[in-house]
Amino acid sequence: MMLSQAYRKLKEIDDKFHLLKQGRWQDIMEIGAHQGGWTQYAYKKARKILCIDWIIKNKIQKRNIRYIECDVFSLSFYRSFDIVLSDLCHNMSGDKYYDGRRLACFYQYIKNRLPTILKKGGCLVCKYFNYTNITMENFRTIKHIKLRSSKDRSSEMYIICKGYELN
Ligand SMILES: C[S@@+](CC[C@H](N)C(=O)[O-])C[C@H]1O[C@@H](n2cnc3c(N)ncnc32)[C@H](O)[C@@H]1O
């Protein structure tokens, strides 16, 4: 049973971009991990996965999964990962400008933290809305995707970055 429909989104991204490599011992940081669909997809391929969200119900009891329940903005990052996955999103207010700004803040926060949390050669997946301006640098390849598994009318997009060139 899928813990959330979001499972399909990460699977679609991985099928297309081949980020998670079974048996390659990747360490993954997952930000915005509740309700667990991405964790459920990723943990089988990861050496370790660190899952962060305010509150995480449906915790999967596996030795390679660690959960931290907190505000991501309050976290001190002290080690780096092979893959950073962010599906972070606040509750929608319905105000397009406000919602876009908030998601863009999450995006910018993660982008600023990359030198601390991502290993050289690492990958990033991060959600944003198609009506906000976002930028990214310091990766070998950068792609943007609107997923088939997202609703047609949704503004949700993902940036997929491979080959981090710093660190
Ligand atoms: C779209 S959901 C993630 C869905 C998840 N990827 C899955 O597979 O089910 C976005 C998540 O971001 C979390 N979130 C939003 N702001 C946060 C913050 N400041 N700190 C931690 N988590 C936050 C929400 O609690 C929510 O669970």
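Residues numbered from 1 in each chain as written. Predicted model: local features only at pLDDT ≥ 70, side-chain atom pairs only at ≥ 80, totals over all residues. Heavy atoms only, no water.

Participant: What's the story with the overall build of the chain in this structure? I'm lost.
Facilitator: Within the chain one finds three helices and seven strands. Walking the chain from its N terminus toward its C terminus, one meets helices and strands in the order α-β-α-β-β-β-α-β-β-β. Its C-alpha radius of gyration of 15 Å places the chain within 12% of the 15 Å reference for a compact globule of 167 residues. If one aligns the C-alpha atoms of the chain with their principal axes, the spans along those axes are about 40 × 35 × 35 Å. Relative to its 167 residues, the chain shows a buried fraction of 53%. Contacts in the chain between residues far apart in sequence, at least 24 positions, make up 59% of those at least 6 positions apart. When the accessible surface of the chain is summed, it comes to about 9200 Å², and 47% of that surface belongs to carbon and sulfur atoms. On the chain, the mean spot of the 31 positive side-chain charges and the mean spot of the 16 negative ones are 5 Å from each other. (Helix = DSSP H or I, 4+ residues; strand = E, 2+ residues; numbered from the N terminus. Rg over C-alpha atoms; globule rule 2.2 N^0.38 Å. Buried < 20%, exposed > 50% of the residue type's maximum accessible area, 1.4 Å probe, protein only. Contact = heavy atoms within 4.5 Å. Areas by Shrake-Rupley, 256 points an atom, 1.4 Å probe, with all protein chains shown as cover. Lys, Arg positive; Asp, Glu negative; His and termini not counted. Charge placed at Lys NZ, Arg CZ, Asp CG, Glu CD.)

Participant: Looking at this structure, I do not really get the packing of aromatic side chains. What am I missing?
Facilitator: Two aromatic rings are characterised by how far apart their centres lie and by the angle between their planes. Tallied over the full model, the rule gives seven aromatic pairs. Both rings, one in Phe129 and one in Tyr131, keep their centres 5.6 Å apart while their planes meet at 15 degrees; by these two values the pair is stacked. Residue classification places Tyr131 among the partly exposed positions, given a relative accessible area of 28%. By the ring-pair criterion, three or more aromatic residues cluster together here, those being Phe73, Phe106 and Tyr109. (Phe/Tyr/Trp six-rings, centres within 6.5 Å; stacked < 30°, edge-to-face > 60°.)

Participant: Please explain the side chain of Asp87 as it appears in this structure.
Facilitator: Here Asp87 lies in the loop between β4 (81-86) and α3 (96-117). If we skip the residues at most four places from it in the chain, Asp87 touches Ala6, Ile31, Gly32, Trp38, Lys127 and Tyr158.

Participant: Any chance you could explain the site of the ligand here in plain terms?
Facilitator: Taken together, 19 residues form the shell around the ligand, and within it Ser4, Gln35, Trp38, Asp53 and Asp87 come nearest. With the chains in place, 86% of the 600 Å² that the ligand exposes on its own is no longer accessible. Among the detected pockets, the ligand sits in the largest pocket. In the shell around the ligand, the residues fall into 10 nonpolar, six polar and three charged. (Near = heavy atom within 4 Å. 1 Å grid on protein atoms, 1.4 Å probe; cavity = no way out; pocket = protein on both sides within 12 Å on 5 of 7 lines; lining within 4 Å. Sits in = over half its atoms within 2 Å of the grid points. Nonpolar A, V, L, I, M, F, W, Y, C, P; charged D, E, K, R; others polar.)

Participant: Looking at this structure, how should I read the sheet that holds strand β1 (residues 26-31)?
Facilitator: To summarise the sheet geometry, strands pair through backbone hydrogen bonds and adopt either a parallel or an antiparallel arrangement. If you trace the seven strands from one edge of the open sheet to the other, you get β3-β2-β1-β4-β5-β7-β6, paired in mixed fashion. Every other strand in the sheet has two partners, leaving β3 (65-69) and β6 (139-145) as the edge strands with one partner each. Strand after strand, the sheet turns through a mean of 15 degrees between neighbouring axes, direction not considered. Across six bridges, strand β5 (residues 118-129) lies against strand β7 (residues 156-164) in antiparallel orientation. Looking at β7, one finds that Tyr128 is bridged to Met157. Against the sheet, helix α1 (residues 6-17) engages β4, β5, β6 and β7, with an angle of about 40 degrees to β7. Taken strand by strand, α3 contacts β1, β4, β5, β6 and β7, and its axis lies near 180 degrees from that of β5. (Pairing = 2+ DSSP bridges. Axes fitted to C-alpha atoms, helices over the stretch in contact; angles between N-to-C directions.)

Participant: What exactly am I supposed to notice about the layout of surface pockets here?
Facilitator: Sizing a probe to match a water molecule and rolling it over the atoms shows the empty space that remains. Within this model, the largest pocket holds a volume of roughly 1200 Å³. If you go around the largest pocket, you meet 44 residues; those closest to its centre are Asp87, Leu88, Cys89, His90 and Lys127. Put simply, the parts of the chain that give the lining of the largest pocket at least two residues each are α1, β1, α2 (37-42), β2 (46-53), α3 and β5. A per-element tally of the lining of the largest pocket places α3 first, with four residues. Its residues assigned to classes, the lining of the largest pocket comprises 16 nonpolar, 14 polar and 14 charged. (Points joined across faces, edges and corners; volume = space filled by probe spheres on them.)

Geometric values such as these leave the question of function open.
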